[in-house]
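Understanding the architecture of this molecule
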Amino acid sequence: FYDQAIRFDLVGAKTEEQATALQDFFTVLALCHSVIPEHDEETGEVHLSASSPDDEALVCGAKFFGFDFIDRKQGNATLKLSTGEEKTYKILEMIEFNSDRKRMSVVVKKDDCIELYCKGADTVMIPRLKGNQEKLLADTCGHMTDYAKEGLRTLMICKRTLDPDWFERWHSNFKEASTNLAEIEKRLMGKRNKIDLLAEDLETELRLLGASAIEDKLQDGVPGCIADLAKAGIKIWVLTGDKVETAINIAVACRLLHSEEFMQQVIITAEDEGKDFKKEKLKEKLIENIREFEKDVKEAGSIDLVKPRALVIDGPALILAMDPDIQPYLLRFTQCCKAVVGCRVSPDQKRQMVNMVKTKIDGVKTLAIGDGANDVAMIQAAHVGIGISGQEGMQAVNASDYAIAQFKFLRRLLLVHGRWNYRRMSRLVCYIFYKNIVMAIVQFWYAFQTGFSGQKFYFEGGIQLYNIAYTCFPIMLLGVFDQDVEEKIILMYPQLYNNGIRDAFFNSKVFFNWILAGTIESMVISIFPLYALDNTSKPQEQGGDGLLPSLWMFGATSFTLVVLVTNFKLLMNQYTFPWFSIVVWLLSVGSWFLSAWGMTSTLFVDFDGFKVYEELMKNHSYWLCCLVVCVALGGRDFYYKGYQRAFHPQLHHVLQEIDKFNLENLDNLQIPLPPAPHMYMKDRLKDLPEHIEESENVELLQIVRRATRTASDLFLPKGLGHAYEHSDLQTVIEERNIVLGRSAIKTSKKRMSQIMF
């Protein structure tokens, strides 16, 4: 412990009054909580079980100074002092902490004295203090501010001595209200109720004892995870119940906020604005910042050249901002910001902010992640809720859609599995529609040959097994195992995730392209066999049987082409080919030939098709027809994909090629890249600690910028604001390190050892 003087003050080295105050302070820490001590009978050790890690930390802190909480049973709590003496306190009443009260109280009786011990946030405790404590309050607030700037979570510690007669009357009323179902229901609904009113009466005239500060240490990997999510184009908001200084400190530690040199912070707090802070003033401030940002963008000519904004707003100011008249301006300004930090925010306000973004911005998907009970409302309000199972309990996990053990796992969950799943589902949905359209519309084109008589030419068994055996299992494996880019590359380039944000792989254009392809291919499959098989029979004069192909032979040929073309189409859109995927694909295609032969070999299955497929398999034109149609239709996809990769590649195409062929020279990759944004970074090179002097390095840096593009270029059409600003010098330095450091790129004037986009 840093300050050893406190141990001497506890035994009266300074003054008796100071010693009493310190003893009361640590007694409150040791008793005002809901921690349960668990005794190990074998070792005799005591383990603390707490729903809140903060409570456990404060109890351990009190133990360090000689106030050891050792037992709780039958309404009594026992402390073991440093002298070895054990003191037992009778717990008369406990009022739990909740997000609305922001404080916890416990009433204890020791000997004939009844005392109230209370701890809570300074915003709710200061109005409940009795007078004549101005100097102590000022000193304590100063200390709390210093602690908050260091990222510590603070609480005020208070006590009150109660009159026994007054407390007996209060306790009787409180018990009656606490057992009243109507009052309990009002409290659950957030309405005015007697339970809270009586608690308010009790928690007044408090004597300030001091303040506690607890380090809310970030988990490993949190800053890097948030940085990668921002690069992926994800807008990140931090909503916390901590003080403004603590929230800012945490946001800086997470790399969400930067210094004023690189980011303009707009701080809106009711405390800083004063008592005259009203809706009109808040509205003016939001409009002023919106206009200033739009002016800067207009003058700079690009949103990428403007210093990014960050909004920091506290709970009281947010109450005003959520007014229907102010909310549109708040929402508009948050779209101009790279980051939003909400502090002193209640769980209901967290839910309101999530709902605001969820309902007011079209095309946006919200994800909320938290680890405590105060995050449950936010998690349930978002499109996707993620709970972290940790020290805060399991409430968040139980209310979530997904559960993870640490925050850093969100990076892999979203950027890797989220992206893979999005691509797989996009392919799966489009392919399912495509394969059924190909199969069904073939008969529509055949209807032109039959005068729309309604005559079908498929085997009934083939129709029944088409979605069960012939085309079912390959797409299932693709939807589970396909990976277009390896995990290590995705984690190196979070920008790959941006395609999902823009719906690049599943939108109206992509869907109807699949539908159009299925329609055109079904026409070829229906018409080509009619002419390819029509001239295959020889007349009797030439030694033939003189029989023309039947409609069932045409139908069997067309259905064979349907099975082959749809399965080859799937191969053209698949990126990974594990051995079991190839085996399943061959079994699915082969099952058609086997079942077609089996169904037409007996009269009991399909009378009209009896022996049709057996004769068809002897026809050379049948096999030639299958080969020609599959090559023609598959070749169209093959050459289109080759053209796209050669002349209009996307980032994942480039990364696939580099990873597959292990390219070593820049000349090996002749790919026109998308237009680059303003090369503002090139003008800022002189600001970097180490200059980039070789022209090849600058060109490579430009290539990286062109290939990855900026999220703001992609987001602005949807009105989502800029999520990733390349004018941020810190980002420029990180990009430079990726190119010149982390990716191990070694350049010379003529050759590079490795190329990374």
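Everything discussed here concerns the structure shown above.
Throughout this document, residue positions are counted from 1 along each chain, in the order its sequence is written. Totals for whole chains, interfaces and linings use every residue, but because this is a predicted model, local features are given only for residues with pLDDT of at least 70 and side-chain atom pairs only at 80 or more, for both listing and counting. For side-chain calculations, the full set of non-hydrogen atoms in the structure is used, while hydrogens and water are omitted.

Considerations on the environment of Val397
Only DSSP runs of H or I reaching four residues or more are called helices, and only runs of E reaching two or more are called strands; each is numbered from the N terminus. You can see Val397 is positioned in helix α17 (residues 395–398). Buried means the residue's accessible area, taken with a 1.4 Å probe over protein chains only, is under 20% of the maximum for its type, while exposed means over 50%, and partly exposed covers the values in between. Using a relative accessible area of 14% as the deciding quantity, one classes Val397 as buried. Taking the C-alpha atoms as reference, Val397 lies 7.3 Å from Asp371; in sequence the two are 26 residues apart.

Some points on the sheet that holds strand β9 (residues 207–215)
Pairing in this open sheet of seven strands is antiparallel, and the strands run β3-β4-β5-β6-β7-β8-β9 from one edge to the other. In this open sheet, the two edge strands, each paired with only one partner strand, are β3 (67–73) and β9. The average angle at which neighbouring strand axes cross in this sheet is 30°, direction not considered. Here, a strand pair is defined by DSSP locating no fewer than two bridges between the strands. Where strand β7 (residues 113–120) meets strand β8 (residues 152–162), seven bridges bridge the pair, whose relative direction is antiparallel. From the neighbouring strand, Lys119 faces β8, where its bridge partner is Ile157. Only the contacting stretch of a helix is used when fitting its axis, a line to C-alpha atoms as for every element, and angles between N-to-C directions run 0 to 180 degrees.

Quick look at the packing of helix α14 (residues 327–336) against helix α15 (residues 347–360)
Where α14 meets α15, the axes come as close as 11 Å, and the angle between the chain directions of the two elements is 80°. What the angle tells us is that α14 and α15 run roughly perpendicular. Here Gln327, Leu330 and Leu331 of α14 come into contact with α15, specifically with Met356, Val357 and Lys360. Residues belonging to the contact of α14 with α15 are distributed by class as follows: four nonpolar, one polar and one charged. When an angle is under 35 degrees it counts as roughly parallel; over 145 it counts as roughly antiparallel; between 65 and 115 it counts as roughly perpendicular; any other value is oblique. Pairs of residues are marked as contacts when any of their non-hydrogen atoms sit within 4.5 Å. Three classes are used, and their members are as follows: Ala, Val, Leu, Ile, Met, Phe, Trp, Tyr, Cys and Pro are nonpolar, Asp, Glu, Lys and Arg are charged, and the others, Gly among them, are polar.

Some remarks on the sheet that holds strand β15 (residues 384–388)
The three strands are arranged β14-β15-β16 in an open sheet whose pairing can be described as parallel. If you trace the sheet from one side to the other, it starts and ends with β14 (367–370) and β16 (402–404), each paired once. This sheet shows a mean twist of 20° between the axes of neighbouring strands, independent of strand direction. Pairing of β15 with β16 involves three bridges; the strand directions are parallel. The partner of Ile386 across the bridge, within β16, is Tyr402.

Some thoughts on the side chain of Ser595
Structurally, Ser595 is set in helix α25 (residues 579–599). You can call Ser595 buried: its relative accessible area is 18%. In this view, Ser595 contacts Leu465 and Tyr470; residues no more than four positions away in its chain are not counted.

Notes on the pattern of salt bridges
Salt bridges are defined by distance alone: a side-chain nitrogen of Lys or Arg within 4 Å of a carboxyl oxygen of Asp or Glu. Counted according to the given criterion, the structure contains 33 salt bridges. We note a salt bridge from Arg411 to Asp228, for which the minimum N-O separation is 2.4 Å. Highlighted residues: Arg411 in helix α18 (residues 409–447) and Asp228 in helix α9 (residues 222–231), separated in sequence by 183 residues. The network of salt bridges with shared partners includes Arg101, Arg103, Arg128, Glu200 and Glu203.

Looking at the packing of aromatic side chains
Working definition: a ring pair exists when centres of Phe, Tyr or Trp rings (six-membered ring for Trp) sit within 6.5 Å. Plane angles under 30 degrees give stacked, over 60 give edge-to-face, the rest tilted. Under the definition given, this model contains 31 aromatic pairs. By the ring-pair criterion, three or more aromatic residues cluster together here, those being Tyr446, Phe457, Tyr458, Tyr466, Tyr470, Phe559 and Trp592. Charge over a ring is defined by NZ of Lys or CZ of Arg lying within 6 Å of the ring centre and within 35 degrees of the ring normal. A cation over a ring is seen here: Arg160 above Trp166, with NZ or CZ 5.1 Å from the ring centre. Here the guanidinium or amino end of Lys569 rests over the ring plane of Trp514, the centre of that ring lying 5.6 Å away.

Focus on the state of the cysteines
The term disulfide is used for any two cysteine sulfur atoms that are within 2.5 Å. Applying the stated criterion to the full structure yields zero disulfides. Among the cysteines around Cys625, which has no disulfide bond, Cys626 carries the closest sulfur, lying 5.8 Å off. Assessed through its relative accessible area of 1%, Cys625 is described here as buried.

So, the environment of Pro308
Among the structural elements, Pro308 can be located in the loop between α12 (279–300) and β12 (309–314). Overall, Pro308 belongs to the buried group, its relative accessible area being 1%. Expressed as a C-alpha distance, the spacing of Pro308 and Phe293, which sit 15 residues apart in the sequence, is 9.0 Å.

A look at the nonpolar core
We define the nonpolar core as a collection of buried residues of types Ala, Val, Leu, Ile, Met, Phe, Trp, Tyr and Cys that are connected through side-chain atoms lying within 4.5 Å of one another. In terms of nonpolar packing, the biggest core is built from 48 residues, with Ile525, Phe559, Val562, Trp592 and Tyr613 touching the most fellow members. Looking at this core, the elements with two or more residues in it are α18, α19 (460–470), α20 (473–481), α23 (508–532), α24 (551–572), α25, α26 (612–616) and α27 (620–647). The element contributing the most residues to this core is α24, with 11 residues. Those residues in contact with Trp592 that sit more than four places away from it in its chain are Phe459, Gly462, Tyr470, Ala556, Phe559, Thr560, Val563, Met599 and Tyr613. Within the second largest apolar cluster, 40 residues are counted, among which are Val312, Ala339, Phe407 and Leu655.

Quick notes on the pairing of β3
When you tally the buried positions in β3, you get five out of seven residues, the bulk of the element. Relative to strand β4 (residues 76–81), β3 runs antiparallel, the two being bridged by six bridges. Along β4, the bridge assignment pairs Asp71 with Thr78.

A look at a nonpolar patch on the surface
Taken together, the side chains of Phe528, Leu624, Leu627, Val628 and Val631 define a hydrophobic patch exposed on the protein surface, amounting to about 440 Å² of accessible area. Tallying contributions element by element places α27 first for the nonpolar patch, with four residues. Structurally, the position occupied by Val628 is in helix α27. Put simply, a patch holds well-exposed residues, over 30% relative accessible area, that have no salt bridge, with like charges counted together within 9 Å and Val, Leu, Ile, Met, Phe, Trp or Tyr side chains within 5 Å. The protein chains shown are the only cover counted for residues, whose accessible areas, like all others here, come from Shrake-Rupley with a 1.4 Å probe.

Considering the side chain of Asp68
In this fold, Asp68 is placed in strand β3. A positive count includes Lys and Arg, and a negative count includes Asp and Glu. His and the chain ends are not counted in either. Salt bridges are absent for the buried Asp68, whose nearest opposite-charge side chain, Lys63, sits at 4.4 Å. Beyond its immediate stretch of four places on either side in the chain, Asp68 contacts Lys63, Thr78, Leu79 and Lys80.

A look at unusual backbone geometry
Even without glycine at this site, Gln74 takes up a positive phi of about 50°. Non-glycine residue Asp111 carries a positive phi angle of around 60°. Residue placement: Asp111 occurs in the loop between β6 (103–110) and β7.

Considering α25
Expected helix span is computed as 1.5 Å times (number of residues minus one). End to end, α25 covers 30 Å across 21 residues, agreeing with the expected 30 Å (1.5 Å per residue, within 8%). Here the bend at a residue is taken as the angle between two axes, fitted respectively to the seven residues that end there and the seven that start there. Its maximal kink placed at Gly590, α25 deviates by approximately 25°. Of the positions making up α25, those classed as buried are Ser581, Trp585, Ser588, Val589, Ser591, Trp592, Phe593, Ser595, Ala596 and Met599. Each element contacted by the buried residues of α25 is listed here: α19, α20, α24, α26 and α27.

Just distances and angles here, no functional claims.
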